[in-house]
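Reading the structure
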Amino acid sequence: MGKAENLVEDIEALGVKLAKAKAMISHRFIGQTRVVDLTLSALLCGGHGLLIGLPGLGKTRLVDALSTVMGLDGARIQFTPDLMPADILGSEVLDEGKDGKRAFRFIEGPVFCQLLLADEINRASPRTQSALLQAMQEKQVSIAGKERDLGAPFHVLATQNPIEQEGTYPLPEAQLDRFLVQIDVEYPDRDTEKAIILATTGMEDGEVSEVFTAQELLDAQTLLRRMPVGDAVLELILDLVRACRPDDELATDAVRENVSWGPGPRAAQALMLMVRAAALLDGRLAPTLDDVIDMARPVLMHRMALTFAAKARGQTLGGLIDTVVLQVGSREAAA
């Protein structure tokens, strides 16, 4: 009984601290509560986030504010077509000591941090993009035959321009799957844009200060994984992910006709973590079925692909996921 009581107290205390962090972030990144919630959720889950939106919507500003508020050592890489893997990971150089002896010395790249902003990640070549694959999955990199650990915690928040723009290289499926969540940054509404203009064109900018430390974030990630999840929530996660695979018996007709490949087990893992984070940010002690429905799009959008025929018909992944969620949810309710 004591452990359960402590868990409740810890979750409630974390909820208060998260509310303070969100309020602090809003000093620099005005409005767009959904974007802030999803980005914070990715950090709470110990994962990486892919922010997609047109230039000038505040994606870089958000990550900069997060780095300060969450007490993380941040670094930024501006991805360009001529960027090389060594520019991200670091390299060994030959040094000559005072005694005349020569030895290799490793110079760390910007990936050796706690919060890495990969700005416009799809402007770099596939070879350079792949330099982050091992780092994102294993939290370490192999350089010159030696495994080197990255920061703890280690998170990548990557920004990406829409694929249709010139000079972009689509991320490979294996790397997309390593992003816990896709966060679409849309244009702000009129009132939010007015507030942004007033706040950013004066003499003073919004000040942010540290709310979490790196260790407190690690503790929060551990606490999140202790949060209980009901059987109904787990079953809905499984049914939803499996219904998005065109060759699965649970797949809907719309999925079989329009999807070329669907989400793997990482999608179910991501949904399980994200629904817990959604509950934490909302001050609740356990996730609900509504949390699964709410997190379906951000978790599944980058883990599926439409067929060429579906694209030609004007089908969109977002609309398809919404349809699947509706059908699976209705099926669960009827059962």
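The structure under discussion appears in the preceding block.
Just so it is clear, the structure is predicted and the values come from calculations on it, not from any experiment.

For the rest of this paragraph, the subject is the pairing of strand β4 (residues 102-108). For a regular strand, side-chain orientation follows a simple rule: the groups alternate between the two sheet faces. Across seven bridges, strand β3 (residues 90-96) lies against β4 in antiparallel orientation. Residue pairing for β4: G90 is matched across the bridge by E108. Turn length for the β3-β4 hairpin, with the two strands adjacent in sequence and antiparallel, is five residues, and the turn residue G100 shows positive phi of about 90 degrees.

Our next topic: the sheet that holds strand β2 (residues 74-78). Sheet architecture is open: five strands sit in the order β2-β5-β8-β1-β9, paired in parallel fashion. Of all the strands in the sheet, just β2 and β9 (181-184) have a single pairing partner and so form its edges. Across the sheet, the axes of successive neighbouring strands diverge by a mean angle of 20 degrees, strand direction being ignored. Looking at chain direction, strand β5 (residues 115-119) and strand β8 (residues 155-160) are connected through four bridges and run parallel. Across the sheet, the residue bridging to A118 is A158, located in β8.

Let's shift gears to the nonpolar core. Where a protein is soluble and globular, its nonpolar side chains tend to be buried together. Counting 78 residues, the largest nonpolar core has L66, M70, L240 and L300 as its most contacted members. When residues of this core are assigned to their parent elements, the largest contribution, 13 residues, is made by helix α12 (residues 265-281). Beyond its immediate sequence surroundings of up to four residues, L240 is in contact with L271, V292, A296, L300, V324, V325 and V328. Ranked by size, the runner-up nonpolar core spans 28 residues in total, among them F79, V111, F112 and L150.

A few words on the pattern of salt bridges. On inspection of all chains with the given rule, the structure shows 14 salt bridges. D322 is the partner of R297 in a salt bridge, and the nearest nitrogen-oxygen pair spans 2.7 Å. In this pair, R297 sits in helix α13 (residues 289-300) while D322 sits in helix α15 (residues 317-334), placing the two residues 25 residues apart along the sequence. Look at D322 and you get partly exposed, because its relative accessible area is 38%. Here the salt bridges share partners, and the residues they tie into one network are D177, R266 and R303.

The subject of this paragraph is unusual backbone geometry. Note the cis peptide between A152 and P153, where omega equals 0 degrees. Mapped onto the fold, P153 is located in the loop between β7 (146-149) and β8. Positive phi values are uncommon outside glycine, yet E120 reaches one of about 55 degrees. Of note, E120 is situated in the loop between β5 and α5 (126-129). Phi angles above zero are rare outside glycine, and K139 is one such case at about 60 degrees. Within the secondary structure, K139 is located in the loop between α6 (133-138) and β6 (140-143). For K139, a relative accessible area of 29% puts it in the partly exposed group.

Relative to the helices and strands, D177 is located in the loop between α7 (173-176) and β9. On the accessibility criterion, D177 (17% relative accessible area) is buried. A distance of 2.7 Å separates the side chain of D177 from the side chain of R303, its partner in a polar contact. The contact partners of D177, leaving out residues within four places of it in the chain, are R266 and R303.

A few words now on the side chain of R245. For R245, the position within the fold is in the loop between α10 (231-243) and α11 (253-258). Of the side chains bearing the opposite charge, D248 lies closest to the buried R245, which forms no salt bridge; the N-O distance is 4.7 Å.

Moving on: the packing of α10 against α13. In the contact formed by α10 and α13, the axes pass within 10 Å of each other and the chain directions differ by 30 degrees. Taken together, α10 and α13 sit at an angle that is classed as roughly parallel. Pair α10 / α13 crosses with right-handed handedness. Across from A232, V233, L236, I237, L240 and V241 in α10, the residues of α13 making contact are L289, V292, A296 and L300.

What counts and what doesn't
What you see as residue numbers is a count from 1 along each chain, following the sequence as written. Given that this is a predicted model, residues contribute local features only at a pLDDT of at least 70 and side-chain atom pairs are listed and counted only at 80 or more, while totals for whole chains, interfaces and linings are drawn from all residues. Hydrogens are left out, water is left out, and the side-chain values use all remaining heavy atoms of the structure. Paired strands are those between which DSSP finds at least two bridges. Comment: elements are numbered from the N terminus, with helices defined as DSSP H or I runs of at least four residues and strands as E runs of at least two. To define axes, lines are fitted to C-alpha atoms, for helices over the stretch in contact only, and angles between the resulting N-to-C directions are given on a 0 to 180 degree scale. Only buried Ala, Val, Leu, Ile, Met, Phe, Trp, Tyr and Cys residues count toward a nonpolar core, and they belong to the same one when joined by side-chain atoms within 4.5 Å. For every residue, the accessible area obtained with a 1.4 Å probe (protein chains only) is divided by the maximum for its type, and the residue is called buried under 20%, exposed over 50%, and partly exposed between those limits. We call two residues in contact whenever any of their non-hydrogen atoms come within 4.5 Å of each other. Salt bridge, as used here: a side-chain nitrogen of Lys or Arg that lies within 4 Å of a carboxyl oxygen of Asp or Glu. Polar contact criterion, stated in full: a pair of N or O atoms within 3.5 Å, where within protein one must be able to donate a hydrogen and the other to accept it, and residues adjacent in sequence count only if both atoms are side-chain atoms. Note on charges: Lys and Arg go in the positive column, Asp and Glu in the negative column, and His and the chain ends are not counted at all. If an angle is under 35 degrees, it is roughly parallel; if it is over 145, roughly antiparallel; if it lies from 65 to 115, roughly perpendicular; otherwise it is oblique. Note on convention: near helix rotated counterclockwise from far helix by under a right angle means a left-handed crossing. Clockwise means right-handed.

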